[in-house]
Every structure is written in structure tokens, then in C-alpha cells.
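So the chains spell out like this:
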Amino acid sequence: IAKRVLGSASALAELHRLNPHLGATPHHLVPGQKLRLPARKANSPDANLTAARGDVAVRRPSESSWDAATRGMDLFRAWRVGARERASAEITFRDSSQLRLRENTVVIIYGPSSPRQPAAALRAEIEGGALEARLTAASGPSPSVMTPSAVATLGRGTALVSVDSAGTSLVANHAGEPVAVRAVTRRVARGAPVR
């Protein structure tokens, strides 16, 4: 819980401090049991740029220009991350889910809708290019990737989502759980998902 929800196994001490009723370890948690969690700081990042090779840039939602991205930088809600020609990047979210951007790819980072939601599902949007998602069993709720023509809800495993120059979405599931894909019209998912 400390690693998946709070982002680090070292947060276990804080969980113990906030939940003295648990007693000594090992704990035997049961479904429905409630735990107090530390409040998320309002300025906590939604993700981190864990790798950047070549020309990788970021654009904050309030700005029209792109800035050079650096490995280790924090990423927040509605920021765009772009890997340009012969470049790549890796984004790691709070729940340890990762997206790997291939060259000529731009994604938009979406965090939780409220700072009090530390375990909200990952949501990203591809404006163009390709990204690879690697999700572990420890990841939180199933993430989704929105493209101009589809939304893909990813399962645990490895998948590749890309958008070509005509706006056609391609989804490849390389390993793990099924990926659910729905058509998108005017940014709204339509119809039943195809797995």
C-alpha cells in the first residue's frame, strides 16, 4: 500500500503513525478495512521524467512555448511531453506505471482531478506518434490512453499505442492482460469496447 498508493515503500512508517490501531506487524488487513492516508501535498507531481534521450521537451498548460526537458524533472496535470526526431522519453507515474515515448510523440499528462486522490487512474492523451506502456501488477487502477480516434484502457503488461499522420489509432498488445479499445467521436468514447 505504501509503495502503490504513496509512491514509496519508505512511507510505511507514516502509515503506521497514522494507523496505530493496526498494532505490530505483520498486519492482516481484510477487504473493507479503512486506513488513514497522509494528505497529498498540493504541489506533488503526477509523474516524473525518468529518461530522456535526444531532443525531449515539455510544455506547461499556461504557456505556448516548449522548454527543454531534463531527466528527473517533475511533471504535472495537463503538461505536454514531446520526444522529437530521433528522441525518446520515459515517464513514470506515482503508481509506478510507465509510458515510453518513441520519436515524434507528444502526450498530455492527466493526474487526478483532486489533490486528495493519490491513487487515481493514469490517463494520458497522444497527439501524435507512439508510446509504449509497461504496467506492473503493483500498478493502481487500469490506465487509459486517449487518441484522436480511440481510447485504449490498458491491462497489466506491455502495449503499444500509436497515432499515424492521418489520425488513425493503432493498438498492439505485446503481453499481459487484454486491452479494451473504444472508438472516440469528438473526444467522447462511443460504442462497446473491443478487447
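Within any chain, residue numbers begin from 1 and follow the written order of that chain's sequence. Given that this is a predicted model, residues contribute local features only at a pLDDT of at least 70 and side-chain atom pairs are listed and counted only at 80 or more, while totals for whole chains, interfaces and linings are drawn from all residues. Excluded from the side-chain calculation are hydrogens and water; included are all heavy atoms of the structure.

**Overview of the nonpolar core**
Residues belong to one nonpolar core when they are buried, are Ala, Val, Leu, Ile, Met, Phe, Trp, Tyr or Cys, and are joined through side-chain atoms within 4.5 Å. A simple rule labels every residue: compare its accessible area, found with a 1.4 Å probe on the protein chains alone, to the largest value its type can have, and call it buried under 20%, exposed over 50%, or partly exposed in between. Core analysis: the largest hydrophobic core is formed by 30 residues, its most contacted members being L49, L75, V81, I91, V107 and L154. Counting residues per element, this core draws most heavily on strand β9 (residues 123–135), at five residues. Once residues within four sequence positions are removed from consideration, L154 is found in contact with A133, L135, S142, P143, V145, A159, V161, P178 and V179. Each helix is a run of H or I in the DSSP string that is no shorter than four residues. Each strand is a run of E no shorter than two, and both are numbered from the N terminus. When checking whether two residues touch, look at their non-hydrogen atoms; a contact exists if any pair is within 4.5 Å.

**Observations concerning the confidence of the model for the protein**
In the predicted model, the protein carries a mean pLDDT of 81, and the fraction of residues at 70 or more is 85%. Predicted confidence is poor over residues 113–119, with pLDDT under 50, and the contacts of this stretch with residues over four places away or in other chains come to eleven contacts. A residue's pLDDT is the predictor's confidence in that residue, given on a scale from 0 to 100.

**A short note on the packing of aromatic side chains**
Pairing of aromatic rings covers Phe, Tyr and the six-membered ring of Trp, with a centre-to-centre limit of 6.5 Å; geometry is then stacked below 30 degrees between planes, edge-to-face above 60, and tilted otherwise. On inspection of all chains with the given rule, the structure shows one aromatic pair. Here the guanidinium or amino end of R84 rests over the ring plane of W66, the centre of that ring lying 5.6 Å away. Ring-over charges, as used throughout, are those where CZ of Arg or NZ of Lys falls within 6 Å of the ring centre and within 35 degrees of the ring normal.

**Considerations on the pairing of β9**
Within β9, ten of the 13 residues are buried, leaving the element largely enclosed by the surrounding structure. Here, any two strands with at least 2 DSSP bridges between them count as paired. Where strand β8 (residues 105–110) lies against β9, five bridges are found, and the strand directions are antiparallel. Each bridged residue has a counterpart across the sheet, and for I108 the counterpart in β9 is E125. The pairing of β9 with strand β10 (residues 144–146) spans three bridges and is parallel. Bridge pairing in β10 places A124 opposite V145. Pairing between β9 and strand β12 (residues 157–163): seven bridges, direction antiparallel. Following the sheet pairing, L131 is matched in β12 by V161.

**As for the pattern of salt bridges**
By definition, a salt bridge exists where a carboxyl oxygen of Asp or Glu is found within 4 Å of a side-chain nitrogen of Lys or Arg. Counted by the stated rule, this structure contains five salt bridges. Measuring nitrogen to oxygen at the nearest pair gives 3.6 Å for the salt bridge that ties D55 to R84. Taken together, the residues D55 in the loop between β1 (47–53) and β2 (56–59) and R84 in the loop between β5 (80–83) and β6 (88–93) connect sequence positions 29 residues apart. The class of D55 is partly exposed, set by a relative accessible area of 41%. A relative accessible area of 34% means that R84 is categorised as partly exposed. With its nearest N and O atoms 3.0 Å apart, the salt bridge here joins R60 to D67. When its relative accessible area of 25% is taken as the criterion, R60 is described as partly exposed. Judged by relative accessible area, which is 31%, D67 ranks as partly exposed.

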